[in-house]
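# Topology and contacts: notes
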2 protein chains.
Amino acid sequence: MTLSLTSDQADGETSSCCTPQPGTPALDAEAAVELAARLKALADPNRLTLLALVAADARGEACVCDLTGPLDLGQPTVSHHLKILVDAGLLTREKRGVWSYYAVVDGALESIAHAVGHGIVPPHPNSPLEPA
Amino acid sequence: MTLSLTSDQADGETSSCCTPQPGTPALDAEAAVELAARLKALADPNRLTLLALVAADARGEACVCDLTGPLDLGQPTVSHHLKILVDAGLLTREKRGVWSYYAVVDGALESIAHAVGHGIVPPHPNSPLEPA
DNA sequence: CACCGACATTGACATTCTTCGATGCCCCTG
DNA sequence: CAGGGGCATCGAAGAATGTCAATGTCGGTG
């Protein structure tokens, strides 16, 4: 909303470069916000390392004490990042006894990858971009 | 470097949950920083919309004046976001005459998508996570 | 040659994010 | 039932980010 399209210029027969083609926008505003939120959860070196560490575990899961060491971060900070990843739907948290085990949600990363690879710039069959 | 793996705990025969398996980390620290930087360039609704707008143009390119309208942002802000995208290798800038034309770098988004989909949690053939 | 328009850059401000120290909660052990 | 350890939450400090107003630069126009 609040997209008012203030057309106070670039309007008419002028030889401006402005000839926007809003034919098939591959990404509406709402989808952009949603995808950006998921990407923002990924856009951090420590969180990427957390995901890789959890996935690299032979059991497919890891507890917090496994992750504070390699990351060289405090325990509250690791917990904070894990919460962000859980909230983004990338990790699951299962509390068994005293420890919390985190596991990678299979398919979540692929979903984001698909959105990045095909949801922003879909291939359209009428523009030879690379004449080479 | 500087990963000293301070083993002052989680070491030995204790029944701790901590049994990290640093066998094949799919993402080292340097790669994590690099991938996070590229994702950070994408993790913004306005920048995603910019990419979609540029790609949606029939000519495969667009100038700044085409983009300030739909985004409901000021021209300096749009220029700022475009610079971030160019700097991240996602867009190219070509100045023809007075106008600057931006085009999507073909393959860049796919590269990021591949890293997200296969560079963090690579499929390993000994854990039937999804029996479906 | 003077003017205007398109775009980039600068500086400043508000918001958000990252990190840490301190604390609270819960479960297990003695 | 008292004690300890693992983990989440709270509050705050510092840094990074998004946005805008103002200005500078460059190319085309009258």
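Residues numbered from 1 in each chain as written. Chains lettered and ligands numbered in written order. Predicted model: local features only at pLDDT ≥ 70, side-chain atom pairs only at ≥ 80, totals over all residues. Heavy atoms only, no water.

Within an unreviewed UniProt entry, the label attached to chain A reads Metalloregulator ArsR/SmtB family transcription factor, and the organism entered is Nesterenkonia aethiopica.

### Some details on the protein's contact with DNA strand D
Lining the immediate surroundings of DNA strand D are 24 residues, of which Ser79, Trp99 and Tyr102 of chain A together with Asn46 and His81 of chain B lie closest. One of the side-chain N or O atoms of Tyr102 of chain A is found 2.3 Å from a phosphate oxygen in DNA strand D. Where the surface near DNA strand D is concerned, the elements lending two or more residues are α3 (64-71), α4 (75-87) and β3 (99-104) of chain A together with α2 (45-56) and α4 (75-87) of chain B. In the surface near DNA strand D, the residues fall into ten nonpolar, nine polar and five charged. (Near = heavy atom within 4 Å. Polar contact = N/O pair within 3.5 Å; in protein donor to acceptor, adjacent residues only side chain to side chain. Helix = DSSP H or I, 4+ residues; strand = E, 2+ residues; numbered from the N terminus. Nonpolar A, V, L, I, M, F, W, Y, C, P; charged D, E, K, R; others polar.)

### As for the protein's contact with DNA strand C
Around DNA strand C there are 23 residues in total, and Asn46 and His81 of chain A together with Ser79, Trp99 and Tyr102 of chain B lie nearest to it. In DNA strand C, atoms within 4 Å of the protein come from the sugar-phosphate backbone in 76% of cases. Here a phosphate oxygen of DNA strand C and a side-chain polar atom of Arg47 of chain A are 3.0 Å apart. Between DNA strand C and the protein, one listed contact pairs a phosphate oxygen with a side-chain N or O atom of Tyr102 of chain B at 2.4 Å. Where the surface near DNA strand C is concerned, the elements lending two or more residues are α2 (45-56) and α4 of chain A together with α3 (64-71), α4 and β3 (99-104) of chain B.

### Regarding helix α5 (residues 108-118) of chain A
Looking only at α5 of chain A, the buried set comprises Ala108, Leu109, Ile112, Ala113, Ala115, Val116 and Gly117 of chain A. Tucked into the core, α5 of chain A has its buried residues touching α1 (29-42) and α2 of chain A together with α1 (29-42) and α5 (108-118) of chain B. (Buried < 20%, exposed > 50% of the residue type's maximum accessible area, 1.4 Å probe, protein only. Contact = heavy atoms within 4.5 Å.)

### Let's talk about α2 of chain A
Residues and elements named next belong to chain A. Between the first and last C-alpha of α2 there are 16 Å, a value that for twelve residues agrees with the 16 Å anticipated at 1.5 Å per step. Where α2 is concerned, the buried positions are Arg47, Leu48, Thr49, Leu50, Leu51, Ala52, Val54 and Ala55. A side-chain oxygen of the first residue of α2 lies 2.9 Å from the backbone nitrogen of Asn46; this N-cap is Asp44. (Expected span 1.5 Å × (residues − 1).)

### Quick notes on the packing of aromatic side chains
The way to describe two aromatic rings as a pair is by their centre distance and the angle between their planes. Applying the stated rule across the entire model yields zero aromatic pairs over all chains. In this arrangement the basic side chain of Arg96 of chain A is found over the ring face of Tyr101 of chain A, its NZ or CZ atom lying 4.2 Å from the centre. (Phe/Tyr/Trp six-rings, centres within 6.5 Å; stacked < 30°, edge-to-face > 60°. Lys NZ or Arg CZ within 6 Å of the ring centre and 35° of its normal.)

### With respect to the confidence of the model for chain A
Residues and elements named next belong to chain A. The pLDDT averaged across chain A works out to 81; a share of 73% of its residues lies at or above 70. Here strand β1 (residues 61-63) stands out as the least confident element of chain A, with mean pLDDT 88; α4 is the most confident, with 97. Low pLDDT, under 50, characterises residues 1-15; the stretch is placed with nine contacts to residues that sit more than four places away or in other chains. Long-range and interchain partners of residues 127-132, a stretch whose pLDDT sits below 50, account for three contacts in this model, where long-range means more than four residues apart. (pLDDT = per-residue confidence, 0-100.)

### Remarks on the side chain of Ser100 of chain A
Positionally, Ser100 of chain A belongs in strand β3. If near-sequence neighbours (up to four positions away) are discounted, Ser100 of chain A is found in contact with Ala62, Cys63, Val64, Arg93, Glu94 and Lys95 of chain A.

### Focus on unusual backbone geometry
Residue and element names in this part refer to chain A. Of note in this structure, Asp72 is not a glycine but carries a positive phi near 60 degrees. Summarising the element assignment, Asp72 is placed in the loop between α3 and α4. Take Asp72: its relative accessible area is 63%, and that puts it in the exposed class.

### Things to note about the pattern of salt bridges
Applying the stated criterion to the full structure yields eight salt bridges over all chains. Of the charged contacts, one joins Glu61 of chain A and Arg96 of chain A as a salt bridge, the two residues approaching to 2.8 Å between their closest N and O atoms. Highlighted residues: Glu61 of chain A in strand β1 and Arg96 of chain A in strand β2 (residues 91-96), separated in sequence by 35 residues. By relative accessible area, Glu61 of chain A is classed as buried at 15%. Residue Arg96 of chain A is classed as partly exposed on the basis of its relative accessible area of 35%. One salt bridge connects Asp57 of chain B with Arg59 of chain B, and the closest N-O pair in it is separated by 2.9 Å. Its relative accessible area of 2% is what places Asp57 of chain B among the buried residues. Since its relative accessible area comes to 35%, Arg59 of chain B is described here as partly exposed. (Salt bridge = Lys/Arg side-chain N within 4 Å of Asp/Glu carboxyl O.)

### Considering the packing of α2 of chain B against α4 of chain B
How two helices pack is summed up by the angle between their axes together with the distance between the axes. Residue and element names in this part refer to chain B. At a minimum axis distance of 10 Å, the contact between α2 and α4 shows a crossing angle of 75 degrees. Classed by the angle they form, the pair α2 and α4 counts as roughly perpendicular. For the pair α2 and α4, contact is made by Asn46, Arg47, Leu50 and Leu51 and by Val78, His81, Leu82, Ile84 and Leu85, respectively. (Axes fitted to C-alpha atoms, helices over the stretch in contact; angles between N-to-C directions. Parallel < 35°, antiparallel > 145°, perpendicular 65-115°, else oblique.)

### Some details on the pairing of β2 of chain A
Residue and element names in this part refer to chain A. Direction of pairing for β2 relative to β3: antiparallel, over a ladder of six bridges. Counterpart to Glu94 in the pairing with β3 is Tyr101. In sequence, β2 turns back onto β3 through a hairpin of two residues, with Gly97 there showing a positive phi of about 65 degrees. (Pairing = 2+ DSSP bridges.)

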